[in-house]
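# Geometric and topological summary
Residue-level listing of the chains:
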Amino acid sequence: MRSLLSLIALSLLICGPVRAACVDSVVLVHGNTGSPSDFQATHDLLRQRGYAESQILAPGWGNGLCAACNDHNGSEEVPVENAIVDALASSCTGKIDVIGHSMGATLAAHVIDRIGASGSVNTFIGIAGAFRGLYTCGIYPYNVANSTCGSWGLSIGSPLLNGLAGRRFGARMYSFKSYSDEINCATGVCIVYGVHTSQIQGETASYTFPYGHYGLLWYTASQQVGLL
């Protein structure tokens, strides 16, 4: 018995106590009129892979009842910025990963750029984002007259999107896109000036899936987590 206890003590001395894995904190940003629960599959897989609840931040943002009321400026920014700042403050690596869906992808990118956090983001994934704009919003300044399509919105050539072009949102940037996206390809055309609207200028890689706008988020959790 004494020899067994001595062996256990020696093992603890050599190996030390068991600790949770040190991984980047992850920020999950839902789309226009969405909610944090849209990322449930991703959240659950992260937990299965050993992430603590405190390492996963999923802010709610925007007016959930009025899609046309939301843009990328002001009150929409605040919850996302707070989540990114909190994630950085609590991340044991000092770095974070950010995954955004739909308008949440461009919103997260805008916030990262505005607060100068790109150097602290290891991986940025934009899922079904409209980084090149939406034909349904028109071409700025002849855009649809609402907030989502305005100067801080997703009209093609808007000041917001022009400001994001060529910017870095992380060390690695990935886009998830689909040619069956009923939102981004609502006019039947997904390509803006020769490039799929969901692609990010300067991206590390782009992945195409056979899903709709929300399926791109719900059915790709393993691919998302695999890139972190």
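The coordinates are above.
Just so it is clear, the model here is predicted, and its values are computed rather than measured.

### Quick notes on the pattern of salt bridges
By the definition in use, this model includes 4 salt bridges. Two residues, glutamate 81 and arginine 114, come together in a salt bridge whose shortest N-O distance is 2.4 Å. In this pair, glutamate 81 is assigned in helix α3 (residues 77-90) and arginine 114 in helix α4 (residues 103-115), connecting sequence segments 33 residues apart. On the accessibility criterion, glutamate 81 (24% relative accessible area) is partly exposed. Relative accessible area serves as the criterion here: at 40%, arginine 114 is assigned to the partly exposed category. Between arginine 167 and aspartate 113 there is a salt bridge, with the nearest N and O atoms lying 2.8 Å from each other. Note that arginine 167 is positioned in the loop between α5 (159-164) and β8 (172-177) and aspartate 113 in helix α4, a separation of 54 residues in sequence. Overall, aspartate 113 belongs to the partly exposed group, its relative accessible area being 23%. One network of salt bridges, with partners in common, ties together Glu77, Glu81 and Arg114.

### Concerning the sheet that holds strand β7 (residues 155-156)
Here we have 3 strands laid out as an open sheet, ordered β6-β5-β7, and mixed in their pairing. Here the strands that pair on one side only, and so sit at the sheet edges, are β6 (142-143) and β7. Relative to β6, strand β5 (residues 134-139) is paired through 2 bridges, and the arrangement is antiparallel. Within β6, the position partnered with isoleucine 139 by the bridge is tyrosine 142.

### Considerations on the environment of alanine 83
One can find alanine 83 in helix α3. For the pair formed by alanine 83 and leucine 227, sequence separation is 144 residues and the distance between their alpha carbons is 21 Å. When sequence neighbours within four positions are dropped, the list of residues in contact with alanine 83 reads Val27, Leu57 and Pro59.

### Quick look at α4
For α4, with 13 residues, the first-to-last C-alpha span of 18 Å sits near the 18 Å given by 1.5 Å per residue. With respect to burial, α4 is a largely interior element, 10 of its 13 residues being buried. Within α4 the residues assigned to the buried category are Met103, Gly104, Ala105, Thr106, Leu107, Ala108, Ala109, His110, Val111 and Ile112. Looking at the packing, one finds that the buried side of α4 touches β1 (25-29), α3, β3 (96-101), β4 (121-127) and α5. One or two steps after α4, the chain reaches glycine 116, where phi turns positive at roughly 70°.

### Considerations on the nonpolar core
Counting 32 residues, the largest nonpolar core has Val27, Val98, Ile112, Phe124 and Phe169 as the members making the most contacts within it. For this core, the element with the highest residue contribution is α4, accounting for 7 residues. Core analysis: the next-biggest nonpolar cluster, separate from the first, contains 19 residues, Tyr51, Ile127, Phe209 and Leu216 among them.

### As for the sheet that holds strand β11 (residues 205-208)
Taken in spatial order, the 6 strands make up an open sheet running β2-β1-β3-β4-β8-β11, and their pairing is parallel. In this open sheet, the two strands that pair with only one neighbour each are β2 (56-57) and β11. Note that β4 and β8 share 5 bridges and pair parallel. Each bridged residue has a counterpart across the sheet, and for isoleucine 125 the counterpart in β8 is tyrosine 174.

### Quick word on α3
Every α-helix winds through 3.6 residues per turn, so residues three or four apart in the chain are directed the same way. Its 14 residues give α3 an end-to-end C-alpha distance of 20 Å, which sits within 8% of 20 Å, the value for a rise of 1.5 Å per residue. If you check which residues of α3 are buried, you get Glu77, Val80, Ala83, Ile84 and Ala87. Projected down its long axis, α3 carries its buried residues within an arc of 140°, all on one side. The secondary structure elements touched by the buried residues of α3 are β1, β2, β3 and α4.

Calculation notes
- Residues numbered from 1 in each chain as written.
- Predicted model: local features only at pLDDT ≥ 70, side-chain atom pairs only at ≥ 80, totals over all residues.
- Heavy atoms only, no water.
- Salt bridge = Lys/Arg side-chain N within 4 Å of Asp/Glu carboxyl O.
- Helix = DSSP H or I, 4+ residues; strand = E, 2+ residues; numbered from the N terminus.
- Buried < 20%, exposed > 50% of the residue type's maximum accessible area, 1.4 Å probe, protein only.
- Pairing = 2+ DSSP bridges.
- Contact = heavy atoms within 4.5 Å.
- Expected span 1.5 Å × (residues − 1).
- Core = buried A, V, L, I, M, F, W, Y, C linked by side-chain atoms within 4.5 Å.
- Arc of directions from axis to C-beta.

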